[in-house]
Amino acid sequence: QVQLQESGPGLVKPSQTLSLTCTVSGGSITSNSFYWGWIRQPPGKGLEWIGYGPYTGNTYASPSLESRTSISKDASKNQFTLQLSSVIPEDTAVYYCVRGYWSGIYYYSPGEWGQGTQVTVSS
């Protein structure tokens, strides 16, 4: 059974770069049957996609965050990483890493989630 675990700083100052890592166990991130992504939930708001993509192929980012988002994958560590630059207080949220089935054409809803990690942007 695959498990995902987020790690990273809980507090980031405005204008800095947020970096979170998702460590995957019980499955390989190089599998082409799945995509890997990040979702966040700001306080009092709904879930928001940040970005996602398979190990090979394109990575997609939310248009509202695309200019500040970078997602990378490290097969040697079985990890994938989110970097969000120039953070603002509105980036405060619980951040989740997720896995979902990818048919090669369609991206299905995520089936596996990490437990989530709280990130606060504040000086």
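Small disclaimer: the values here were computed from a predicted structure and weren't measured. Numbers given to residues run from 1 along each chain, matching the order in which its sequence is written. Totals for whole chains, interfaces and linings use every residue, but because this is a predicted model, local features are given only for residues with pLDDT of at least 70 and side-chain atom pairs only at 80 or more, for both listing and counting. Only hydrogens and water are set aside; all other atoms, that is, all heavy atoms of the structure, feed into the side-chain values.

(A) Representation of the overall build of the protein in the model. When its secondary structure is counted, the protein shows zero helices and 11 strands. Its helices and strands in sequence order give the protein the pattern β-β-β-β-β-β-β-β-β-β-β, from N to C terminus. Relative to the compact-globule value of 14 Å for 123 residues, the protein shows a C-alpha radius of gyration of 14 Å, a close match. Considered along the principal axes of its C-alpha atoms, the protein spans approximately 40 × 25 × 25 Å. Residue contacts are defined here by distance: any two heavy atoms, one from each residue, within 4.5 Å place the two residues in contact. Summarising the internal contacts of the protein: among those between residues at least 6 apart in sequence, 58% fall at separations of at least 24. Looking at the protein as shown, the accessible area adds up to about 6400 Å², and 47% of this sits on carbon and sulfur atoms. The average position of the 7 basic charges and that of the 7 acidic charges among the side chains of the protein differ by 3 Å. Numbering of helices and strands runs from the N terminus; a helix is a DSSP stretch of H or I covering at least four residues, while a strand is a stretch of E covering at least two. The reference for a compact globule is 2.2 Å times residues^0.38; the radius of gyration itself is calculated from the C-alpha atoms. Per-residue accessibility takes into account occlusion by the displayed protein chains alone, with areas from the Shrake-Rupley method and a 1.4 Å probe. The charge count treats Lys and Arg as positive and Asp and Glu as negative. His and the chain ends do not count. The atom standing in for a charge is NZ when the residue is Lys, CZ when it is Arg, CG when it is Asp and CD when it is Glu.

(B) Representation of the sheet that holds strand β7 (residues 69-74) within the structure. Whether two strands pair comes down to DSSP finding at least two bridges between them. Strand order in the open sheet formed by four strands is β1-β3-β8-β7, with antiparallel pairing between adjacent strands. Each end of this open sheet is capped by a strand with a single partner; those strands are β1 (3-7) and β7. Each adjacent strand pair in this sheet contributes to an overall mean axis angle of 20°, direction not counted. Sheet topology note: the β1/strand β3 (residues 18-25) ladder contains five bridges and is antiparallel. Residue pairing in the sheet places serine 7 in a bridge with threonine 21 of β3. Here the axes come from fitting lines to C-alpha atoms, over the contacting stretch only for helices, and the angles between their N-to-C directions go from 0 to 180 degrees.

(C) Structural context of the state of the cysteines. Note on terminology: disulfide denotes any pair of cysteine sulfur atoms within 2.5 Å. Applying the stated rule across the entire model yields one disulfide. Two residues share a disulfide in this structure: cysteine 22 and cysteine 97, whose sulfurs sit 2.1 Å from each other. Between cysteine 22 and cysteine 97 the sulfur-sulfur dihedral comes to about 60°; the bridge is accordingly right-handed. Remark: cysteine 97 occurs in strand β9 (residues 93-102) and cysteine 22 occurs in strand β3; sequence separation between them is 75 residues. Accessibility assignment for this pair places cysteine 22 and cysteine 97 in one class, buried. Each residue is assigned to one of three classes by its accessible area relative to the maximum for its type, calculated with a 1.4 Å probe on protein chains only: buried under 20%, partly exposed between the two thresholds, exposed over 50%.

(D) The arrangement of the side chain of asparagine 78 in detail. By the element assignment, asparagine 78 lies in the loop between β7 and β8 (79-84). A relative accessible area of 15% places asparagine 78 in the buried class. Whenever two N or O atoms come within 3.5 Å, that pair is a polar contact, provided that in protein one can donate a hydrogen and the other can accept it, and provided that, for residues adjacent in sequence, both atoms are side-chain atoms. Within polar-contact distance, the side chain of asparagine 78 engages the backbone oxygen of glycine 27 at 2.7 Å. Polar contacts involving the side chain of asparagine 78 include one to the main-chain amide nitrogen of isoleucine 29, which spans 2.9 Å. The contact partners of asparagine 78, leaving out residues within four places of it in the chain, are Cys22, Thr23, Val24, Gly27, Ser28 and Ile29.

(E) Fine view of the pattern of salt bridges. Counted as salt bridges are all cases of a side-chain nitrogen of Lys or Arg within 4 Å of a carboxyl oxygen of Asp or Glu. Taken as a whole and assessed by the stated rule, the structure comprises four salt bridges. Residue arginine 40 pairs with glutamate 48 through a salt bridge whose shortest N-O separation is 2.7 Å. Under the relative-accessibility criterion, glutamate 48 is labelled partly exposed at 22%. In this structure, the salt-bridge partner of aspartate 91 is arginine 68, at a minimum N-O distance of 2.9 Å. In this pair, aspartate 91 sits in the loop between β8 and β9 while arginine 68 sits in the loop between β6 (60-61) and β7, placing the two residues 23 residues apart along the sequence. Beyond isolated ion pairs, a larger network of salt bridges with shared partners links Arg40, Glu48, Arg68 and Asp91.

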